[in-house]
Each structure stands twice: as structure tokens, then as C-alpha cells.
Amino acid sequence: MKKRVIAALATLLVLSFGIGSAWAAGSLETSKGTIVVGSKIDTEGGLLGEMMVLLLRAHGFNAVDKTELGPTDVVRKAILSGEIDIYPEYTGNGAFFFHGIDPTIWKDPAKGYAMVKKLDFEKNQIVWLTPAPANNTWAIAVRKDLATAQHLSSLEDLARYINDGGRFKLAASDEFVSRPDVLPAFEKAYGFTLSKSQLLVLSSGNTAQTEKAAADGTDGVNAAMAYGTDGQLAALGLVVLADTKEVEPVYEPTPIVREAIYKKYPEIATILDPVFKSLTLETLQRLNAKIAIEGQEARAVAKAYLTAQGFLK
């Protein structure tokens, strides 16, 4: 009798261990599947990427976190090669990805979204989901003391100041400086040219770094690459100069996903669309400021917002 009891206990332990191991390995269908989430390396990229990771995990997916992977070209290559499955992109980058398109299309939110959605699906089998109603366009911000002293409120004012020999040095990412649709486009439209000595080029696309350099006057910097949804500009004493000629496209953040993954898990749209619809310009500025100014972690900010809005329990 004693031997039978011991044997039964041993069997129960083996079964318990087996169930525990299977649970840990996910073999009991605790996960719907694996989705690799990427994002760009800037503040907002980290925020939106972490939102996507948290939401997908909350809905039973094994979301692999590869957020803050790199600048646009790196993340773009990653999704096209299948290294990642989904990441937040910006509608205006359609002008960078696809050439020969009427440039005015990218300056209209609805037309730009429709065009990049169509082209990216036809050429790369990439599905664009619902964009956020916020324009995170490229911009140039200057120190408030400079703006006040030299009466700078627009890029036309800046061109006048630079061409008159005013002291100017811009902190920006390599992408901002080298991409033909960003700084070179500003220079061409407004009629100014920056020399190498007037640039502090940083490898990162994080505007928290470029804007801090301007605020601190690092290496003589008095201006910075900025984004439309940056929340730290006022706190750092920086003023965004108006792009009166509308050089830059509209950049609305949008989740994009490989078709193979979307066909397998179409509920991704149901999960992410309501969240991105809630991300207005003011909302993103506020959330980005929590990371850039208050020093909070992107995941913590993302989780707090999603919980407060009822997207996470």
C-alpha cells in the first residue's frame, strides 16, 4: 500500500512538472503567436513601440521587443527583410520611400496616407493600419533668446539672419542633414546654406539630444532639429520656426505590418486602431515630455496611458 501511495505521488509530481514546463514553454497555447515589434530610436519611437508591445502581449501574443532599433533606414530594411514584423512609421516618409509622386500629395493627411498605403502594399506587401491624428513633422527650433533678439519666427526669418552673417549652429541627426527631403529641402526652399562648421551632427535621431544641445549651448549650438510632437520645447526654452512654404510633408504616426503577419492575425488592427486614433498632437506632446523632460521610461509612460484610457486592464 505504501509503495502504491509513493508511486502515485511520484506520478503526480512528474505530471505537475510536465505541465509547468509546458506552460513555461508556451506549449499549452498561452500565446497566439510571435510578433516582432520594432521602432525608431527617438523618444516617440520608443513610446509607440512599447505601446504596441504591451497591447499585443495583453491580447495573448508573444511580442518580441526590438523597439528603438535605429533610424528610419535601419528599421525600414528590418521590416522589408522580415527581421521585424511591425513598427510605427510616418505617412510623410512615403515621399522618401517612393519617388516620382506629386509632392503636394504628401502635404495632405488623407491623400498622403492613401498613397503610401497603396504603394507600400503593392510593392512591398506592407499593410498600413490607422494613423494617429498628429503631425510629427520635421522642424528647426532655435533658442528663445536668439528668436527674441533677432525677431525669428519663421524659416524665412532664419534665412535672412544666416545670410546676413548671423551666428548659427544646428544640432541634428545624420538623417536630418543627409536626407534630400529634410535639411537640403529647407535650404533650397528658403535660400540658405549651412557649412559643416554650422552643424553638430549626431548619430541618433532623438530630438531630446539635439534640443538639449541647443538649450545648453553645447559646442556653440543655438538651434536644433525638432519634431512637431515634441513636448519638451517650451521647457527647454526653444521656439519652433514656422515652415511657411510647407516644405515638409505631414507625418502622421501609423503602425505598419508585414502582410503575412496581418493575414495570419487580422485582429492586430482591432487592437491597435483605437489606440492610435486617441493619440492627438497634444497627447503625444504630453507623453513625449514625460520621457524627455521627466526622465520616465518609455514603457512606464506607455503603460500608464494605456491603463488610464482603458486599453489595458
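It should be noted that the structure appears before, not after, this text.
No experiment lies behind these values; they were computed from the predicted model shown.

Caption draft 1: View of the overall build of the chain. Assigned secondary structure in the chain consists of 14 helices and 10 strands. Counting only C-alpha atoms, the chain reaches 100 × 40 × 35 Å along its principal axes. A total of 313 residues make up the chain; the buried ones form 49% of that total. Within the chain, contacts between residues separated by at least 24 positions form 75% of all contacts whose residues are at least 6 apart in sequence. Carbon and sulfur atoms form 57% of the exposed surface of the chain, whose accessible area is close to 14600 Å². Computed over 33 positive and 36 negative side-chain charges, the inter-centroid distance for the chain is 9 Å.

Caption draft 2: Main features of the environment of Ser81. Along the chain, the position of Ser81 falls in helix H3 (residues 72-81). Along the chain, Ser81 and Arg258 lie 177 residues apart, while their C-alpha atoms are 10.0 Å from each other.

Caption draft 3: Seen up close, unusual backbone geometry. In this model, Glu68 sits at a positive phi of 55°, which is unusual for a non-glycine residue. By secondary structure assignment, the location of Glu68 is in strand E2 (residues 62-70). Phi at Asp219 takes a positive value of approximately 55°, unusual for a residue other than glycine. Along the polypeptide, Asp219 turns up in the loop between helix H10 (207-216) and strand E8 (223-227). You can call Asp219 exposed: its relative accessible area is 53%.

Caption draft 4: Structural context of helix H14 (residues 298-308). All of the buried residues along H14 are Ala298, Val301, Ala302, Tyr305 and Leu306. Looking down the long axis of H14, one finds its buried residues gathered within 125° of arc, a one-sided arrangement. Looking at the buried positions of H14, the neighbouring elements they touch are helix H2 (43-58), helix H12 (267-277) and helix H13 (281-292). Among the residues trailing H14, Gly310 stands out with phi positive, at a value near 85°.

Caption draft 5: Examining the nonpolar core more closely. Counting residues in hydrophobic clusters, the biggest one holds 67 residues, and the most contacted among them are Met51, Leu170, Phe176 and Ile268. Ranked by residue count, the leading element in this core is H2, at eight residues. Apart from the residues lying within four places of it in its own chain, the contact partners of Met51 are Val275, Leu279, Leu287, Ala302, Tyr305 and Leu306.

Caption draft 6: Looking closely at the pairing of strand E1 (residues 34-40). Burial runs high along E1: six of the seven residues are buried. At this point the chain moves from E1, through H2, to the parallel E2, and the crossover so formed is right-handed.

Thresholds, definitions, all that
- Residues numbered from 1 in each chain as written.
- Predicted model: local features only at pLDDT ≥ 70, side-chain atom pairs only at ≥ 80, totals over all residues.
- Heavy atoms only, no water.
- Helix = DSSP H or I, 4+ residues; strand = E, 2+ residues; numbered from the N terminus.
- Buried < 20%, exposed > 50% of the residue type's maximum accessible area, 1.4 Å probe, protein only.
- Contact = heavy atoms within 4.5 Å.
- Areas by Shrake-Rupley, 256 points an atom, 1.4 Å probe, with all protein chains shown as cover.
- Lys, Arg positive; Asp, Glu negative; His and termini not counted.
- Charge placed at Lys NZ, Arg CZ, Asp CG, Glu CD.
- Arc of directions from axis to C-beta.
- Core = buried A, V, L, I, M, F, W, Y, C linked by side-chain atoms within 4.5 Å.
- Right-handed = clockwise from strand over helix to strand, strands pointing away.

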